[in-house]
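Report on the structure
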Amino acid sequence: MKRNSYVHCSFDLVESFKPRVPKTRVIGKFVSEEAETPRICTADTIQHALLGIPGCADVMQNIQKFDMRIYIHVYYLTSEDIKFPTEEEVPDVKETHEVWILSEPQKIIRQDYEITDFKTRYHKDLNGIKHQILVGCKIKRVHNIDNISYFIDNIIPNLPKQKAEKFYELLKKISYRTFMNSMDDEFMDKIQEIRKSPD
């Protein structure tokens, strides 16, 4: 039977799936990801889809530093309008098993999971850049959750409603993944101070 369901993982809620050229893609001195074909990036499994998320390992580790649970939104997309990119188009396709969906999916099913354990290692990519990558994780199914609301409720639970709503919209605009991926030690210390403050 021909497979027509593929996996898209995200730390952020996805409101709609429309093909586009990814804003965050491999651009390097030696190899770069194809920048012309509008697509929805998916994979054959959750593990492979996680590998395709930029900075995935760093995001998970930063969430873990806050002693928070790590949640991922998994979308199962049904489509027959697909393309299997080449290594020239997606340099790390052998690791991520990336599959492009070229039109809006016929069916979307969302399921959320908690990443209960994970392992990473340092890896030098084809552009010679050393960074951490995910090498495996354990997951369990959970009720649907919103990562931004979960973050705000855990870090600053007493934040007035109006300020919480503004902070939510700010994180939504930035994206939870980008926010967590760009978290440096100094900023993390400041957030931890806010978290421990009685007010």
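Sequence order sets the numbering: in each chain, residues are counted from 1 along the sequence as written. Side-chain atom pairs in this predicted model are given and counted only at pLDDT of 80 or more, local residue features only at pLDDT of at least 70, and totals for whole chains, interfaces and linings cover all residues. Only hydrogens and water are set aside when side-chain values are computed; all heavy atoms of the structure are taken into account.

Here the focus is the packing of aromatic side chains. By convention here, two paired aromatic rings are described through the distance between centres and the angle between planes. Stacked, edge-to-face and tilted labels apply to pairs of Phe, Tyr and Trp rings (six-membered ring for Trp) whose centres lie within 6.5 Å, assigned for plane angles under 30 degrees, over 60, and everything in between, in that order. In this structure the tally under the stated criterion is five aromatic pairs. Measuring from ring centre to ring centre gives 6.2 Å for F151 and Y176, while their planes differ by 65°; the resulting arrangement is edge-to-face. Here F151 is found in helix α4 (residues 147-155), whereas its partner Y176 is found in helix α6 (residues 176-181), with 25 residues between them in sequence. Judged by its relative accessible area of 0%, Y176 falls in the buried class. Here a set of aromatic residues connected by ring pairs shows up, and it is made of F66, F151, Y176 and F179. Counting as a charge over the ring demands two things of the Lys NZ or Arg CZ atom: a distance within 6 Å of the ring centre and an angle within 35 degrees of the ring normal. Its guanidinium or amino end placed over the ring of Y122, K130 lies 5.5 Å from that ring's centre, counting from NZ or CZ. Numbering goes from the N terminus for both helices and strands, where a helix is a DSSP run of H or I of at least four residues and a strand is a run of E of at least two. The buried label goes to any residue with under 20% of its type's maximum accessible area, the exposed label to any with over 50%, and the partly exposed label to all in between, with areas taken from a 1.4 Å probe on protein chains only.

Attention now moves to the sheet that holds strand β2 (residues 40-42). Two strands qualify as a pair provided that DSSP identifies no fewer than 2 bridges between them. Within the open sheet, the three strands sit side by side as β2-β5-β4. Their pairing is antiparallel. Only two strands of the sheet have a single partner each, and these edge strands are β2 and β4 (82-83). With three bridges connecting them, β2 and strand β5 (residues 99-101) associate as antiparallel partners. Bridged to T42 within β5 is V99.

With respect to the helices, strands and loops of the structure, T96 is situated in helix α3 (residues 93-96). Once the C-alpha coordinates of T96 and Q47 are considered, the two residues, 49 residues apart in sequence, prove to be 8.4 Å apart. We call two residues in contact when some of their heavy atoms are within 4.5 Å. If sequence neighbours within four positions are ignored, T96 has contacts with A43, H48, L51 and G52.

On to the pattern of salt bridges, then. Throughout this description, the term salt bridge denotes a Lys or Arg side-chain nitrogen within 4 Å of a carboxyl oxygen of Asp or Glu. A complete count under the given rule lists eight salt bridges for this structure. One salt bridge connects R39 with E34, and the closest N-O pair in it is separated by 2.9 Å. For E34, a relative accessible area of 18% gives the class buried. Bridged by salt links that share partners, the residues E33, E34 and R39 form one connected network.

So, on to the nonpolar core. Soluble globular proteins tend to bury their nonpolar side chains together. As used in this record, nonpolar core signifies buried Ala, Val, Leu, Ile, Met, Phe, Trp, Tyr and Cys residues forming a set joined through side-chain atoms within 4.5 Å. Formed by 38 residues in total, the largest nonpolar core has its most connected members in F11, L50, F151 and M180. Here this core takes five residues from α4, the largest share from any one element. Counting residues in each nonpolar core, the second largest holds five residues, with I40, Y75, L77 and I101 among its members.

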